[in-house]
Amino acid sequence: MLKPPILFRKTPLVLTVCLLLIGLVACGTSTPMASASAGGARPTTATTDSLLRRAKSLIREATDKGSIDSLKQARAVAERATDDSENRALAHYYVGLADFRMINQIPEDDEDRREPVIEDAIGHLKRATEIDATMADAWALLSGCYGQMMGMTPMQGMSLGPKSSEAMNEAKERGPDNPRVWIVDGTSDFYTPSMFGGDKEQALKKFKKAARLAEQESTDDPLMPNWGHAEAYAWIGIAHMDAERYDQARSAFERALDLNSDYGWVKQILLPKAKEKQS
């Protein structure tokens, strides 16, 4: 069953004292951490390229449909590519991205199932940044995952908060024009209470910036991340909904579906809610 993603509802990026925050797609009892390549032969670069293409495609399809099983499959495919020296960082990133999407499918109150997935995502994203410190996408997701963990374990806020902030600073330095960086940063602003520095209108500005950057983004390498265009408009719509600007919210959600007609979160949840509010 498709459900709206939790995403960064518990992920303040800069405020370590913000430990009581309000919270993107329910899974089975198994966790996704088992190695898919254990005992297998080291893949060639051509094989790795094929694996990464498949993982990337599966993650998008699973996110659109809200399929936890497809996300687990995508994670296993990406992990098989982590032995390849040329694309190892990217492979670790896609493992982390699959985990990241899974985190948002597990119920918020099921911490026993969420925590190991978050930890796995953090491990792979850290590895990606260790291999390639210029990977802004990995830094941004790492920041978000630290925030997710902080929301689950407030007592670790004093250590996780700075880690989340440092990762986001690295993401902005490495990819100031990366739309996914601004989506992550904007959602933190959106869900952080104003008393702790949150600002929903500032978040909206960041979502709009992400949408503009995504419009301009040109990715020649089909293996590289390029998600975020439709997602930016989804968040623009959410920000307008929150401010009771329902006409603008509906326009944003319709724009998201123009970009990705299979976007289940928008099609099945967000746009119908905006229409209901308009009526």
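## Things to note about the overall build of the protein chain
In step 1: Counting its secondary structure elements, the protein chain contains 11 helices and 0 strands.
In step 2: Starting at the N terminus and walking to the C terminus, you meet the elements of the protein chain as α-α-α-α-α-α-α-α-α-α-α.
In step 3: Sorting the 279 residues of the protein chain into buried and exposed places 55% on the buried side.

## Some thoughts on helix H4 (residues 111-131)
In step 1: Helix length check: H4 (21 residues) gives 30 Å between terminal C-alpha atoms against 30 Å at 1.5 Å per residue, within 8%.
In step 2: Of the positions making up H4, those classed as buried are Arg-114, Val-117, Ile-118, Asp-120, Ala-121, Ile-122, His-124, Leu-125, Ala-128 and Thr-129.
In step 3: Buried residues along H4 sit in contact with helix H2 (68-80), helix H3 (88-103) and helix H5 (136-152).

## So, helix H9 (residues 229-242)
In step 1: When the terminal C-alpha atoms of H9 are compared, their 21 Å separation across 14 residues agrees well with the 20 Å that a helix rising 1.5 Å per residue should span.
In step 2: Extensive coverage of H9 is indicated by the burial of 13 of its 14 residues.
In step 3: Just past H9, the residue Glu-244 takes up positive phi, approximately 60°.

## Remarks on unusual backbone geometry
In step 1: We note that Glu-244 has phi near 60°; this positive angle belongs to a residue other than glycine.
In step 2: Note on placement: Glu-244 falls in the loop between H9 and helix H10 (246-259).

## So, the confidence of the model for the protein chain
In step 1: Across the protein chain, pLDDT averages 86, with 84% of residues at or above 70.
In step 2: Segment residues 6-40 is flagged for pLDDT under 50; beyond a separation of four residues in sequence, or across chains, it makes 117 contacts in the model.

## Notes on the packing of H2 against H3
In step 1: The N-to-C vectors of H2 and H3 enclose an angle of 165°; their axes lie 8 Å apart at closest approach. Considered as vectors, H2 and H3 are oriented roughly antiparallel to each other. Seen from above, H2 lies across H3 with left-handed handedness. Of the residues in H3, those touching H2 at Ile-68, Leu-71, Lys-72, Arg-75, Ala-78 and Glu-79 are Ala-91, Tyr-94, Val-95, Ala-98, Asp-99, Arg-101 and Met-102.
In step 2: Looking at the contact of H2 with H3 residue by residue, the classes come out as 8 nonpolar, no polar and 5 charged.

## Some details on the pattern of salt bridges
Here the idea is simple: oppositely charged side chains can pair when their charged atoms come close.
In step 1: One pass over the structure, following the stated rule, counts 17 salt bridges.
In step 2: Linking Arg-174 and Glu-170 is a salt bridge whose minimum nitrogen-to-oxygen distance equals 3.3 Å. One end of the pair, Arg-174, and the other, Glu-170, are both in helix H6 (residues 157-174), 4 residues apart, so they sit about a helical turn from each other.
In step 3: A relative accessible area of 25% places Glu-170 in the partly exposed class.
In step 4: Between Asp-242 and Lys-200 there is a salt bridge, and its shortest N-O distance comes to 3.1 Å. With Asp-242 in helix H9 and Lys-200 in helix H8 (residues 200-216), the pair connects residues that are 42 residues apart, well separated along the chain.
In step 5: The partly exposed category is assigned to Asp-242, whose relative accessible area is 41%.
In step 6: Accessibility expressed as a relative area gives 36% for Lys-200, which makes it partly exposed.

## Some thoughts on the packing of H5 against H6
In step 1: With their axes 8 Å apart at the nearest point, H5 and H6 run at an angle of 160° to one another. In terms of orientation, H5 and H6 fall into the roughly antiparallel class. Where H5 crosses over H6, the two elements pack in a sense that is left-handed. Contact with H5, carried on its side by Ala-136, Trp-139, Ala-140, Leu-142, Ser-143, Tyr-146, Gly-147, Met-149 and Met-150, involves Gly-157, Leu-160, Gly-161, Lys-163, Ser-164, Ala-167, Met-168, Glu-170, Ala-171 and Arg-174 of H6 and no other residues of that element.
In step 2: Along the lines of polarity and charge, the residues of the contact of H5 with H6 split into 11 nonpolar, 5 polar and 3 charged.

Conventions we followed
- Residues numbered from 1 in each chain as written.
- Predicted model: local features only at pLDDT ≥ 70, side-chain atom pairs only at ≥ 80, totals over all residues.
- Heavy atoms only, no water.
- Helix = DSSP H or I, 4+ residues; strand = E, 2+ residues; numbered from the N terminus.
- Buried < 20%, exposed > 50% of the residue type's maximum accessible area, 1.4 Å probe, protein only.
- Expected span 1.5 Å × (residues − 1).
- Contact = heavy atoms within 4.5 Å.
- pLDDT = per-residue confidence, 0-100.
- Axes fitted to C-alpha atoms, helices over the stretch in contact; angles between N-to-C directions.
- Parallel < 35°, antiparallel > 145°, perpendicular 65-115°, else oblique.
- Left-handed = near helix turned anticlockwise from the far one by under 90°.
- Nonpolar A, V, L, I, M, F, W, Y, C, P; charged D, E, K, R; others polar.
- Salt bridge = Lys/Arg side-chain N within 4 Å of Asp/Glu carboxyl O.

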